[in-house]
Amino acid sequence: MGKRFQKQTADFFQENRRLNIGVVGQVKAGKSSFLNTMLFNGLPILPKASTPKTAVLTKIEYAPENQLEVHYLSRRAWEALEDDAAEARAAGETTSARELVEMAEVRSLNPSEKLDKVETIPCSSVEELQDVLNDYVGENGQYTPLVEFVTLGVNQEELRELSIVDTPGLNDPVTSRTDQTKRFLEICDVVFFLSQSSSFLDSSDWLLLSEQLPNQGVKRLVLVASKADSAVLDLLPARKQSSQTDPLGGFGAFGGGFRTVPTRLSLREALEQARTKLGQRARREIQKFGERPGGRNSTAYRVLSGCQAPYLVSAMLENMCSKPREEYDPEEENIYERLEPHFEDAHSDMARIGNFGAVREVFERAVREKDEILRQKGQELIPTARASQRALLEQLRGKAAAHRDALAHGDQDLLQKRLNAVQRQSSALRGDVAAVFGEASSRLETEKARVISEMRKAGDKYWLKERSGEEIHHDVRITYRHHFLFFRWGREETPYQYTTHYKYLVAADVKEELRHYANALSSWSEEVFQGAIHLQDIKARLLNAVVKNLDTSADSFDAGLCKQVAEAVIQTFSFPVFSVSFQDEFQEISGRFQGEVTAATEMQELNNMFNDALASVLDKSVKALDRGIEQFQTSLKDAGDHFSERVLAQIQGEYESLLQKLEDKQRELEHCQNYVDCLEDLLKQEGTYGAAN
C-alpha cells in the first residue's frame, strides 16, 4: 500500500502533470473506433483487436514530431509465456499464451533481439503512424506478440496537456501487460467506459465496471453505450404488418419476455427507447450494487452513481456523416440501407445516433476542468490513503480479536468438544449443501428447456429482405415510307427504350442477419443462467446451512468463523459468457453468392442456404449451451461435494492450531491482546486525524 501511495503522489506532483484519460472496455467494445472518431476524425489510426491476446495498451500523447515509442516485453515476462505455452502444448490445449508464442514463431521473430528494449520510430505524418502502428499492435502485426505497450506521439496541439490510453482491459493473458494497465488506472483521472449496446453491461462488463475500476483508484467515470446503431435496428420493425411479436424482447441488454413492436415506430422513437432502456439497466445494476452490505457507503457506489445516464454513440454513423455515400464501405452501406426506410433526414438522423457531439462536450469539459479535477484529486490523496489504511487496520483488528476471544474463552476440553461436533454435524451440513446445489442444477435444466424452445421459434424473425430494381433497355424500331409488292424503300430507324422491373436479394444482408441472430442466441444462452442461478440466494442458503448446522451453543462451533469461510467460497462462482460464431456459414454463402442475386432460382437457393445457416447457428448455440450447462453443473456438483469439507477443514485446522497453543495459553493471550491494543491505538489516532481534518 505504501509503494502504491508513493507512486500516486510521485505521478501527481510531477512537473507539467498531464490529465490522464482512459478508454476502458472489453475487446470488441469499440474502444479504438471511439478514439479514432474522437481524436482523428474517423481515420483508422488505432487498429482493432479481435481477441485479448492481440490487445495492447496504447498511450496517445502530444509530441513535437509524430513518432511511435514501442516498449517490448521483459525477458522474464516472455519466459513465463513460453512456460505457459509449453504446458498447454503438453496438455493438448489452446491458450492465449500458446497462441502468442506460436505467432512469434510463424513470423520468424527472434525475441532476444527485442525483449527489454524501447524503440522510437519517427513518422512523417499521422497517416504513416497508422501503417507503422499496425505492425506493433495490430491483430496481424509483425511484432504484436512481443509488445507490452506503445506510446503514440502525435503533433496535435489539443493533445498537449493530455495522456489518453486505449486499454486492453484487465483480462490480458500477458501478466505484465495487465500490470501495466493497472498501473495506469491507479493514476487515471477520467475514464470513458465502453459497453456494446447490444449486450449492455453484461456480467463481464459489470465486474470490470463495479469491482475493478473503483478499486484501481478511478474516481470519475463516463458510461458510454457503443454501437448504438445495432440497438436502434433491433428496436425498429422488421416487417410491414399491424404488429409483430418479438420473442427476444429487444436486444440482449434489455432482458427477455415477449413484446409487441409497433410497425410505425420512428427512428427517433427507437433511439429514445434504446436510451431509456439502457439507462434503466444502468440504474438497476447500480441500485442492486448499493443494496449490498456497505454498498452505499463504498467508494465504488459513489463513483458508479454518476453513471446512471449512459451516452449512446455510434462511431460508424458519426463517420458516415462526414463522407459521401459512394465512399461507404460494404458494412456502412448495409447499415445505411437498413436505416434508410426510417430516415426523415439521413444526415441529421445519422448524426443523432452517432451522438459524438455530446461525448465530445464531456471530453472537452474534462479538459477545461483539468485544474479543478487535479485539485480535487490532490485533496483526496491523503484521505483516500488513510481510508485504505484504516480499512486494513480494521481487518487486522477483527482477525486478531477473533483469535484473542477464542483463546480467552476456550479450554482444551471445550475445544475438543467443538472438534468432535464437526464430525457429528458434517453429515447434516453436506446434506443441506447438496440440496442447495442440486436444486440449482435442476433449475438450469428447466430454464434450458424453456429457452431452447423459444430460440427455435425465434428464427422466423430473421429473413432476407427482397428488394426491387429496374433495368432500362434500348432498341431501334424500323419502318419504311414506301412499299410495292415485295419491294420497300425509304427505311427509317427510330430508337426507343423501355423499362423492366425485377426483384433481387443482397448477399451482404446474410452477414447482418446472422450477426443479429447469433447475438440474440448468445444473450438467451446467458439468460438461462441469469434466470436459473441466483448467486445471492444460493449464498444466503449456504450461509443459513452453516448457521443451522454449526450453531454457537456450547457444544458447537463459532458460526462467525464458519460464515467468513463460506462467503469466500461462494464468491468464486461466475456465469459463462457465450459467443456464437457464424463465420463458417457466412463464408459458405459468400463463396456462392456476391452482390445482387436476381435469378429466381438463385434467390430461392440463397434463401434456402440462409435458412440452413440459421439452423446451423441455432444448432451451434444449443450445443454450446449444453456444454456450458454441463460444465456449470459439474462445478456445482464439485462445490456440493467439497464445500462442507473445505469449511470444516479450515475451521478444524484453526481450532487444532489453538489446541497446540493452549500449553502456553496465557503468553499467547497476552501477545494477542497487545496486538489488538496496538491496532486500536492506531485506529484511534486515525480517528483523531480525521476529526481534525
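Residues numbered from 1 in each chain as written. Predicted model: local features only at pLDDT ≥ 70, side-chain atom pairs only at ≥ 80, totals over all residues. Heavy atoms only, no water.

Undergrad: Can you walk me through the nonpolar core in this structure?
TA: Side chains that are nonpolar tend, in soluble globular proteins, to be buried together. Of all hydrophobic cores here, the largest spans 59 residues; its most connected members are F34, I60, L68, L152 and F192. By residue number, the principal contributor to this core is helix α5 (residues 126–137), which donates 6 residues. With residues near it in sequence (within four places) discarded, L68 still touches E119, T120, I121, L129, V132, L133, Y136, V150, T151 and L152. (Core = buried A, V, L, I, M, F, W, Y, C linked by side-chain atoms within 4.5 Å. Buried < 20%, exposed > 50% of the residue type's maximum accessible area, 1.4 Å probe, protein only. Helix = DSSP H or I, 4+ residues; strand = E, 2+ residues; numbered from the N terminus. Contact = heavy atoms within 4.5 Å.)

Undergrad: Would you take a moment to explain the environment of R592 for this structure?
TA: With respect to the element layout, R592 can be found in the loop between α20 (583–590) and β14 (596–597). Beyond its immediate chain neighbours, meaning those up to four positions away, R592 contacts E602, E605 and M609. Only 2.9 Å separates the side chain of R592 from the side chain of E605, close enough to count as a polar contact. (Polar contact = N/O pair within 3.5 Å; in protein donor to acceptor, adjacent residues only side chain to side chain.)

Undergrad: Where do I start with the packing of helix α3 (residues 75–91) against helix α4 (residues 96–106) in this structure?
TA: Any two packed helices are characterised by how steeply their axes cross, that is the angle between the axes, and by the distance between the axes. Where α3 meets α4, the axes come as close as 8 Å, and the angle between the chain directions of the two elements is 105°. When the interaxial angle is binned, α3 and α4 end up roughly perpendicular. Contacts between α3 and α4 pair W78, L81, E82, D84, A85, A88 and R89 from the former with A97, R98, L100, V101, E102, A104 and E105 from the latter. Class assignment of the residues belonging to the contact of α3 with α4 gives a composition of 8 nonpolar, no polar and 6 charged. (Axes fitted to C-alpha atoms, helices over the stretch in contact; angles between N-to-C directions. Parallel < 35°, antiparallel > 145°, perpendicular 65-115°, else oblique. Nonpolar A, V, L, I, M, F, W, Y, C, P; charged D, E, K, R; others polar.)

Undergrad: Is there a simple way to explain the packing of helix α9 (residues 267–290) against helix α13 (residues 346–354) in this structure?
TA: The N-to-C vectors of α9 and α13 enclose an angle of 0°; their axes lie 11 Å apart at closest approach. What the angle tells us is that α9 and α13 run roughly parallel. Here L267, R268 and L271 of α9 lie close against α13, whose contacting residues are D349, R352 and I353. Taken together, the residues of the contact of α9 with α13 sort by class into 3 nonpolar, no polar and 3 charged.

Undergrad: Which parts of the structure should I look at to understand a nonpolar patch on the surface?
TA: Together, V476, I478 and Y480 give the surface a local cluster of nonpolar side chains, amounting to about 240 Å² of exposed area. Structurally, the position occupied by V476 is in strand β12 (residues 467–484). (Patch = residues over 30% accessible without salt bridge, like charges linked within 9 Å, V, L, I, M, F, W, Y side chains within 5 Å. Areas by Shrake-Rupley, 256 points an atom, 1.4 Å probe, with all protein chains shown as cover. Salt bridge = Lys/Arg side-chain N within 4 Å of Asp/Glu carboxyl O.)

Undergrad: Sorry if this is basic, but what is going on with the sheet that holds strand β5 (residues 147–154) here?
TA: Backbone hydrogen bonds are what pair the strands of a sheet, in a parallel or an antiparallel way. Within the open sheet, the 9 strands sit side by side as β4-β3-β5-β2-β6-β1-β7-β8-β11. Their pairing is mixed. Of all the strands in the sheet, the pair left with one neighbour each is β4 (118–122) and β11 (311–312). Note: strand β2 (residues 57–62) against strand β6 (residues 162–166), 4 bridges, orientation antiparallel. If you follow E61 over to β6, its bridge partner there is S163. (Pairing = 2+ DSSP bridges.)

Undergrad: Where do I start with unusual backbone geometry in this structure?
TA: A negative phi angle characterises most non-glycine residues, just as the trans form characterises most peptide bonds. Positive phi values are uncommon outside glycine, yet D116 reaches one of about 65°. Relative to the elements of secondary structure, D116 occurs in the loop between α4 and β4. Look at L201: it is not a glycine, yet its phi comes out positive at around 50°. Considering the arrangement of structural elements, one finds L201 in the loop between β7 (190–196) and α7 (203–212).

Undergrad: Help me out: how do you make sense of helix α12 (residues 330–339) in this one?
TA: Count 3.6 residues to each turn of an α-helix, and residues three or four apart come out pointing the same way. Burial in α12 covers these residues: E332, N334, I335, Y336, E337 and L339. The opening residue of α12 is D329, an N-cap whose side-chain oxygen sits 3.1 Å from the backbone nitrogen of E331.

Undergrad: Looking at this structure, I do not really get the side chain of K448. What am I missing?
TA: Summarising the element assignment, K448 is placed in helix α16 (residues 412–458). For K448, a relative accessible area of 16% translates into the label buried. At 3.3 Å, the side chain of K448 and the side chain of E445 are in polar contact.

Undergrad: Got a minute to help me understand the packing of aromatic side chains in this structure?
TA: Two measures describe an aromatic ring pair: the distance that separates the ring centres and the angle between the ring planes. Counted by the stated rule, this structure contains 7 aromatic pairs. Taken together, a centroid distance of 5.2 Å and an interplanar angle of 20° make the contact between Y136 and Y143 stacked. Arranged with centres 6.4 Å apart and planes meeting at 80°, the rings of W206 and F289 form a pair that is edge-to-face. Remark: F289 occurs in helix α9 and W206 occurs in helix α7; sequence separation between them is 83 residues. Side by side, W206 and F289 carry an identical accessibility label, which is buried. (Phe/Tyr/Trp six-rings, centres within 6.5 Å; stacked < 30°, edge-to-face > 60°.)

Undergrad: Honestly, the pairing of β5 in this entry has me stumped. Any pointers?
TA: Burial runs high along β5: 8 of the 8 residues are buried. Two strands pair when backbone bridges link them, and β2 and β5 are joined in this way by 6 bridges, in the parallel orientation. Pairing of L57 across the sheet is with F149, part of β5. As paired strands, strand β3 (residues 67–72) and β5 are joined by 6 bridges and run antiparallel to one another.

Undergrad: Please explain empty space enclosed by the protein as it appears in this structure.
TA: Where empty space is left can be seen by rolling a probe of water-molecule size over the atoms. Counted by the stated rule, this structure contains 2 cavities of 30 Å³ or more. Its volume calculated, the largest cavity comes out at about 40 Å³. Forming the walls of the largest cavity are S203, E526, F529, Q530, F575, P576 and V577. Of the residues forming the lining of the largest cavity, the biggest block, 3 residues, is contributed by helix α17 (residues 509–532). Its residues assigned to classes, the lining of the largest cavity comprises 4 nonpolar, 2 polar and 1 charged. Contributing to the lining of the second largest cavity are S266, L267, R268, H342, E344, D349 and R352. (1 Å grid on protein atoms, 1.4 Å probe; cavity = no way out; pocket = protein on both sides within 12 Å on 5 of 7 lines; lining within 4 Å. Points joined across faces, edges and corners; volume = space filled by probe spheres on them.)

Undergrad: Help me out: how do you make sense of the pattern of salt bridges in this one?
TA: A side chain with one charge can pair with a side chain of the opposite charge if their charged atoms come near. Inspection of every chain in the model, using the stated rule, returns 31 salt bridges. Note that E605 and R592 form a salt bridge whose closest N and O atoms lie 2.9 Å from each other. Of the two residues, E605 is situated in helix α21 (residues 600–661) and R592 in the loop between α20 and β14; the sequence distance between them amounts to 13 residues. What makes R592 partly exposed here is its relative accessible area of 38%. A single network of salt bridges, built from pairs that share partners, joins R89, R98, E102 and E105.

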